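Descriptive structure summary
If you want the building blocks of each chain, they are given just below.
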Amino acid sequence: MAAVQVDINNNNSRSSDSGVEASVWIFGYGSLCWYPGFEYDKCITGYIRGYVRRFWQGNTTHRGTLEKPGRVATLIEDKEGITWGCAFKVTGQLALDYLKQRECTLGGYQTDYIRFYPRKASEWSGISGQAFPALVYIATPKNDLWIGEEPLVETARQIAECQGPSGHNVEYLIRLAIFMREELPGACDEHLFELEGLVRRFVAEANVAITSLLGNAPRRIRRDSHEEVRRHVSFEFTARVPEKKLRCLHI
Ligand SMILES: N[C@@H](CCC(=O)N[C@@H](CS)C(=O)NCC(=O)O)C(=O)O
């Protein structure tokens, strides 16, 4: 069968002779974990190596404005680093076109490929537990919205004060922290959870109910079911409590 390429630069591509639509896995580690916004066939939790998650990317189109840029997640190379999140299997070009607009055009992210390690294997659906390639959207210091390293308390202050067209910056952080606690209990991410503690404190000191900043609860996502779910954007919720606590992978 002809090699099937997925063109991440949205020139519609499919295998030349079979017409079969190409599939690709996309790794999410920020808002994609709780609001993918595109149709997908599968969603599984897991991690990547060699990166840590940091809120060092500015944002003026979703969670901030030009006057008050918010803070969103990106990945920073760290050879000891582990970043937990989830991967979505998508077929065809639609999701990639959507993400090119949401992530690259509006967010300053660029695409790269990394190796994704599934948290759960599933023999019958071909997820062996072995790492496989996944597309990832990363904001690097080269983009105009880059903030870079700053005191955590400064990042927390910005998040507590910023909002944009997609909602409050606090929602972005809290929903990611909720995803990690619910889907990957015990997975380490000091930066994320320390930032969450500071933001919760600042919001409380301002006498604001944090729930008032969270907008509408996104429909939860069926993860690790290892079945082709072909979910439209209205995902079905299933509570999945991992069988065992995840240990920190200090590899
Ligand atoms: N690429 C990361 C981060 C993506 C991300 O958070 N992008 C932001 C800024 S461009 C976004 O789409 N936000 C939508 C929202 O905040 O609702 C991921 O895989 O989750």
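Shown above is the structure to which this text applies.
All values derive from a computational prediction rather than experimental measurement.

**As for the side chain of T155**
By the element assignment, T155 lies in helix α2 (residues 152-161). A distance of 2.7 Å separates a polar atom in the side chain of T155 from a polar atom in the side chain of E150.

**Focus: the sheet that holds strand β2 (residues 42-59)**
Strand order in the closed barrel made by the 5 strands is β1-β3-β2-β4-β5, with mixed pairing throughout. In this sheet, adjacent strand axes meet at a mean angle of 45 degrees when their direction is disregarded. Direction of pairing for β2 relative to strand β3 (residues 70-91): antiparallel, over a ladder of 15 bridges. When the bridges of β3 are listed, V52 appears paired with I76.

**Some details on helix α1 (residues 94-105)**
Between the first and last C-alpha of α1 there are 16 Å, a value that for 12 residues agrees with the 16 Å anticipated at 1.5 Å per step. Within α1, the full set of buried residues consists of A95, L96, L99, R102 and E103. One face of α1 carries all of its buried residues, which in axial projection span an arc of 135 degrees. Facing away from the buried side of α1, by more than 90 degrees, are the exposed residues L94 and T105. If you follow the buried residues of α1, they end up packed against β1 (23-28), β3 and β5 (132-138).

**Some remarks on the packing of α2 against helix α4 (residues 190-205)**
At a minimum axis separation of 9 Å, α2 and α4 run at an interaxial angle of 55 degrees. Between α2 and α4, the crossing angle belongs to the class labelled oblique. The two elements α2 and α4 cross, and the hand of that crossing is right-handed. On α4, the residues touching L152, V153, T155, A156, R157, I159 and A160 of α2 are H191, E194, L195, L198, V199, F202 and V203.

**Here we look at the site of the ligand**
With respect to spatial proximity, 17 residues lie near the ligand, and among them G30, R63, R102, E103 and Y172 are the closest. Take G30: an N or O atom from its main chain is 2.6 Å from an oxygen atom of the ligand. Against a free-state accessible area of 500 Å², the protein chains account for coverage of 98% of the ligand. Going through the elements one at a time, β1 and α1 are the ones with two or more residues in the shell around the ligand. In terms of residue class, the shell around the ligand is made up of 7 nonpolar, 7 polar and 3 charged.

**Let's talk about the packing of aromatic side chains**
Summed over the entire model, instances satisfying the criterion amount to 10 aromatic pairs. On the numbers, 5.2 Å between centres and 70 degrees between planes, the contact of Y40 with F88 is edge-to-face. Here Y40, found in the loop between β1 and β2, pairs with F88, found in strand β3; they are 48 residues apart in sequence, far enough to count as distant. In this pair, the class of Y40 matches that of F88, namely buried. On the numbers, 5.8 Å between centres and 90 degrees between planes, the contact of F55 with Y172 is edge-to-face. Here F55, found in strand β2, pairs with Y172, found in helix α3 (residues 169-183); they are 117 residues apart in sequence, far enough to count as distant. In terms of burial, F55 and Y172 fall into one category: buried. Through a chain of ring-to-ring contacts, the aromatic side chains of W25, F27, Y29, F116 and F132 assemble into a single cluster. Sitting over the ring of Y117, R49 keeps its end group 4.3 Å from the ring centre. Lying across the ring of F202, R157 places its NZ or CZ 3.9 Å from the centre.

Thresholds, definitions, all that
- Residues numbered from 1 in each chain as written.
- Predicted model: local features only at pLDDT ≥ 70, side-chain atom pairs only at ≥ 80, totals over all residues.
- Heavy atoms only, no water.
- Helix = DSSP H or I, 4+ residues; strand = E, 2+ residues; numbered from the N terminus.
- Polar contact = N/O pair within 3.5 Å; in protein donor to acceptor, adjacent residues only side chain to side chain.
- Pairing = 2+ DSSP bridges.
- Axes fitted to C-alpha atoms, helices over the stretch in contact; angles between N-to-C directions.
- Expected span 1.5 Å × (residues − 1).
- Buried < 20%, exposed > 50% of the residue type's maximum accessible area, 1.4 Å probe, protein only.
- Arc of directions from axis to C-beta.
- Contact = heavy atoms within 4.5 Å.
- Parallel < 35°, antiparallel > 145°, perpendicular 65-115°, else oblique.
- Left-handed = near helix turned anticlockwise from the far one by under 90°.
- Near = heavy atom within 4 Å.
- Areas by Shrake-Rupley, 256 points an atom, 1.4 Å probe, with all protein chains shown as cover.
- Nonpolar A, V, L, I, M, F, W, Y, C, P; charged D, E, K, R; others polar.
- Phe/Tyr/Trp six-rings, centres within 6.5 Å; stacked < 30°, edge-to-face > 60°.
- Lys NZ or Arg CZ within 6 Å of the ring centre and 35° of its normal.

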